[in-house]
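Read off the chains here:
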Amino acid sequence: MSSSVIDINDIKKTFKTGFYRRKYVNALQGITLQVGKGEVFGLLGPNGAGKTTLIKILLGIVRKQSGEATVLGHAAGSRAARRKIGYLPEHHRIPRHFTGYSALDFYGSLSNLPRSVIRAKREELLDSVGLREWGNTPVHQYSKGMQQRLGLAQAILHDPDLLILDEPTDGVDPVGRAKIRDLLDQLRRQGKTIFINSHLLQEVELICDRVAIVKQGQVQKMGAIDEITHLPETHFVFELNGDQEMISQLLSKYEILDTQSNGDQRVIMDLSLSSLEEVDHVVDLLRENSISILSLARKQMTLEQAFLNLISD
Amino acid sequence: MRAYLAIIRDSFHEAVASRVLWILVGGITLVLAAIAPLSISSEPATRIQRSEFKNGASLIKNIQDILQKEEDSSSQGYLVSKLSEKIQHQIAKIDEVEGARSYYNLLSSLRGEWNDILKDKDFHQEKYWKTSSLSDEAKKLIAINKELRTKLQTARLNRVLLEKTFPKNLKTAQTDAIFLAYFGRKVGKTLPFPPAYVNTLVNYRILGLMGFLGGILGISVGIMVTSPIIPNMYEPGSIDLLLSKPVNKSLLFLSRFAGACSFVLLNTTYLIVGIWLIAGLRFEVWNHNLLLCIPVFLFLFMVYYSVSALAGVIWRNPIVSIVMTLVFWSVCFVLGTSKLLFEGGLLPKPVTSIISIDDQTLITLNNRKEAFEWVESESQWEEVFREPESWANTFSLISPIYDSENKRLITLRLPQSSFRLLGGFGNFMVGEKKNDWKLILGAETPSNTFDFFKTPDGKIRTVSLSGVHLFQGDISQEKKSFKILGFDLAPKSGIENFKKISPDVSWKQPVSVAHHPVSGDLIIYEAGDIHHLKLNSDAVYEIKKSFQLDKVKKKNPDVDKKILTAFGNGQSIIAFENGEIKII
């Protein structure tokens, strides 16, 4: 038995579409990944990459074609596994006739929680997602963001070991997002494993320990955020004050990757330097020619840039 | 279990929240409130009903003879003279060859004029009806001054006089006539039934009401209201959330199905218990079988809802679910109607028994419990009675026998198998000539009685699954009951008039008995076995011989449910439903 909370090994899934003329769509083409205990894992990918299909296979909503998957040591989709999972689906629909409290009563009962336990927890839970005052309000009066937060509350109601969140901050305002981030951070500290599927890469960058980027049913890249956004240590960005032409002539023997200037003596220059000696030499050269150095930094990539680079290949 | 109960509860929660439950409960309350003021009231019977004419053709012939006379000073002549010239002319002209339709129309016109005569204060003339020959009721009415008589008293007197004038052609009216009342006010005309038929009438009407409210309206509304439940559950955002919980997919579906059914059960129970209470409290008709409609309607709903739910799973659209259910209903309706049409209308109704009464009258009974008497003068069969409670197949009748000493028909009314849950007791039914052979409920028989016969010395013996009994009481005496809310709390001691004249046995269905008319011996077929019972010197039956008739039938006794046995000349014949006949 694997020690991973989620252990996916060469999962494949093909959908049949069309009624008269059947077409086959390969949604997953051999995905393999592991998520460890207490990890916040992000699953990224463009629309149609197969992220939601993978989540549904983990929950047993969709059957896999081949491959192996276990969740918390149980076969993916088994009732034993589902008992320990909290799930927030994308575009979930909590029936209109529920209030915040009755929705928690219902979904808690489905997770086999005694009513007394649900009643004891529900107020605190709604408070944690910022819906304390809305427990008796019908769900159809909730905004999109409020419904999303209520969905998150029902997902953590039964104290699951693994949280699977499909676009958890979709439609939530910045304040609500911050609240959700705090809650997820709190859950991480409690040792919960969180598996997030999101398009909001800035959110993922802030929350996740590791991510996997999926394209056309295959994992393109997987690792820690730093690993994904890592660039060679030879890229340096200089912010200078001086004449652009003069600066370009001074540094002509170095590889200039990019130059930007707003026309008022302020120049941002991206250089490829092979060693720290070369950095010192460039600094000396600029200072000798009275060029002011406003800032100097090693160049970093955002997750969004890394994601775009990967999926545009 | 908690999860599935939560789903069932949620179906109610959804119905309550969407106000559908309140709308339905409100609608049912309105229906019940509309029915509740209905009642049946009675008044002395006066109006002549179509069914009260006897031998219509001979009546017309009588009137024709009177019209041909120059003068007729009899009461018949007086009555004919009261008819309008138009109808006198029509009667004089009608010819037998003109057919039944003309006779029917003429009798209708005649009935109309006679009903007008009922209002005539001056109709009674002493010279035509000698007071001494009239009934006590008529004498009392005549004693009242004609100007002081109420309309009802006048009509009642005239009706009695009409009956006296044409006793062979006009049946004696019941003492009371019944009519429908709403808030105590008479609605429509007097009903063409005697008061004794109120029970049957109300049951008929309830049956019709149930057929419409429950069978058509109830099921339709139920399907429309519950059709979105399954498609809503299968909406993408909803089903994913439900399936992520530790629940079984099949049980999740079945719980939703059960939720919809329990919602319909609640409404059906309210409607039917309401109608049952109204029938009991307003009409004193406590028909407990009505309560069986609750599970029956629920089952019917489940059949149709299965189609709706299946369509909901496939197409996930309530409208498509309703349409598919409607298509299924139409197919069932066409099949059912075709069956009824063929069985009820096109196929002949087989005669199940022919009874000869004193070698003068012949009565036949068909499989629909309709009895016909042969009218020699008109060379045709005339309907005598219809078994009133055959409407719901609640009971079956054993072929009647004629008791020549007491001049009456005796038969046995047995509960049908599906209603034996309410007890296996049957009743004798007795019909007398003076009541046009109409069958009246008589003494109760021991539990699980299945046949009876009359011995040459006129004694009645019944055969039940527990043995043979001799009846010693008054056969036309119905058992006294003690009822509260229609439930008979009197002990089921219908057997106090019966004496056991056989060993204790425990025979099984299917069972059939044949009686030797001279020796009194019995041959009993019982689930593959044959028993020969012989009377001893104490007139008690002893089992003389028992043997297995057929191994296959012993093993599978229910294959042939209808068995017929006959006994005579030292041989007995057993005929089975599949056409097989065995001679022993």
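Higher on the page you've got the structure.
Thresholds, definitions, all that
- Residues numbered from 1 in each chain as written.
- Chains lettered and ligands numbered in written order.
- Predicted model: local features only at pLDDT ≥ 70, side-chain atom pairs only at ≥ 80, totals over all residues.
- Pairing = 2+ DSSP bridges.
- Helix = DSSP H or I, 4+ residues; strand = E, 2+ residues; numbered from the N terminus.
- Axes fitted to C-alpha atoms, helices over the stretch in contact; angles between N-to-C directions.
- Contact = placed C-beta atoms within 7 Å.
- Nonpolar A, V, L, I, M, F, W, Y, C, P; charged D, E, K, R; others polar.
- Left-handed = near helix turned anticlockwise from the far one by under 90°.
- Parallel < 35°, antiparallel > 145°, perpendicular 65-115°, else oblique.
- Buried ≥ 20, exposed ≤ 12 C-beta atoms within 10 Å, placed from the backbone.

Undergrad: Would you explain the sheet that holds strand β2 (residues 176-182) of chain B in this entry?
TA: Within a beta sheet, neighbouring strands are joined by backbone hydrogen bonds and run either parallel or antiparallel to one another. Residue and element names in this part refer to chain B. In space, the three strands of this open sheet follow the order β1-β2-β3, with antiparallel pairing throughout. Every other strand in the sheet has two partners, leaving β1 (38-44) and β3 (185-191) as the edge strands with one partner each. Here the average twist between neighbouring strands, direction ignored, is 35°. Sheet topology note: the β1/β2 ladder contains seven bridges and is antiparallel. Along β2, the bridge assignment pairs Leu38 with Tyr182.

Undergrad: Help me understand the sheet that holds strand β20 (residues 522-526) of chain B, please; the structure alone is not making it clear to me.
TA: All names here are of chain B. The four strands lie next to each other as β19-β20-β21-β22, forming an open sheet whose pairing is antiparallel. Two strands in the sheet have a free side with no partner beyond their single neighbour: β19 (511-515) and β22 (541-548). Strand-to-strand twist across the sheet, computed as the mean angle between neighbouring axes with direction ignored, equals 20°. Two strands pair when backbone bridges link them, and strand β21 (residues 529-535) and β22 are joined in this way by seven bridges, in the antiparallel orientation. Among the inter-strand pairings, His532 is bridged to a residue of β22, identified as Lys545.

Undergrad: Mind showing me how you'd approach the interface of chain A and chain B here?
TA: Note: interface size is frequently given as the accessible area lost on complex formation between the parts. Facing the 18 residues of chain A at the interface are 20 residues of chain B. Going through the elements one at a time, α2 (79-83), β6 (85-88) and α3 (100-110) of chain A are the ones with two or more residues in the side of chain A that touches chain B. The residue makeup of the side of chain A that touches chain B, split by class, is eight nonpolar, six polar and four charged.

Undergrad: When you look at the packing of α3 of chain A against helix α5 (residues 144-156) of chain A in this model, what are you seeing that I'm missing?
TA: Helix packing geometry: the angle between the two helix axes and the distance between the axes. Residue and element names in this part refer to chain A. Between α3 and α5, the least distance of the axes is 9 Å, while the angle of their chain directions is 35°. Here α3 runs over α5; the crossing is right-handed. For the pair α3 and α5, the contacting residues are Gly100, Ala103, Leu104 and Tyr107 in the first and Leu150, Ala153 and Gln154 in the second. Looking at the contact of α3 with α5, its residues break down into five nonpolar, two polar and no charged.

Undergrad: Please explain the packing of helix α1 (residues 2-17) of chain B against helix α12 (residues 249-283) of chain B as it appears in this structure.
TA: All names here are of chain B. The N-to-C vectors of α1 and α12 enclose an angle of 40°; their axes lie 8 Å apart at closest approach. Overall, the two elements α1 and α12 adopt an arrangement that is oblique. In this structure, α1 meets α12 at a crossing whose hand is right-handed. On α12, the residues touching Tyr4, Ile7, Ile8, Asp10, Ser11, Phe12 and Ala15 of α1 are Leu251, Leu252, Ser255, Arg256, Ala258, Gly259, Ala260, Ser262 and Phe263. Residue composition of the contact of α1 with α12, by class: 10 nonpolar, four polar and two charged.

Undergrad: Explain the environment of Ile6 of chain A to me, please; I cannot follow it from the model alone.
TA: Residues and elements named next belong to chain A. By the secondary structure assignment, Ile6 is in strand β1 (residues 6-17). Under the C-beta neighbour-count criterion, Ile6 is labelled buried, with 25 such atoms within 10 Å. Once the C-alpha coordinates of Ile6 and Val35 are considered, the two residues, 29 residues apart in sequence, prove to be 5.0 Å apart.

Undergrad: I'm lost on the environment of Ser464 of chain B in this one. Help?
TA: Residue and element names in this part refer to chain B. Note that Ser464 resides in strand β14 (residues 460-464). On the basis of neighbour counts, which here come to 24 C-beta atoms within 10 Å, the residue Ser464 falls in the buried class. Expressed as a C-alpha distance, the spacing of Ser464 and Ser512, which sit 48 residues apart in the sequence, is 10.0 Å. Dropping the residues within four chain positions of it, Ser464 is found in contact with Pro446, Ser447, Asn448, Thr449, Phe450 and His469.

Undergrad: For this particular structure, what's the right way to read the pairing of strand β13 (residues 449-454) of chain B?
TA: Each regular strand displays side chains that alternate between the two surfaces of the sheet. Residue and element names in this part refer to chain B. The sheet contact formed by β13 and β14 spans five bridges and is antiparallel. Residue pairing across strands places Phe453 opposite Arg461, the latter belonging to β14. Counted along the chain from β13 to the antiparallel partner β14, the turn is five residues long, and its residue Gly458 has a positive phi close to 90°.

Undergrad: Even after reading the chapter, I still don't get the pairing of strand β13 (residues 266-272) of chain A, so can you show me in this structure?
TA: All names here are of chain A. Residues of β13 alternate between two faces, with Val267, Met269 and Leu271 buried on one and Arg266, Ile268, Asp270 and Ser272 left unburied on the opposite face. In terms of strand pairing, strand β11 (residues 235-241) meets β13 through seven bridges, oriented antiparallel. Among the inter-strand pairings, Val237 is bridged to a residue of β13, identified as Asp270. Pairing of strand β12 (residues 255-261) with β13, which is carried by six bridges, proceeds in the antiparallel orientation. Each residue of the ladder has a partner; that of Ile256, found in β13, is Leu271.

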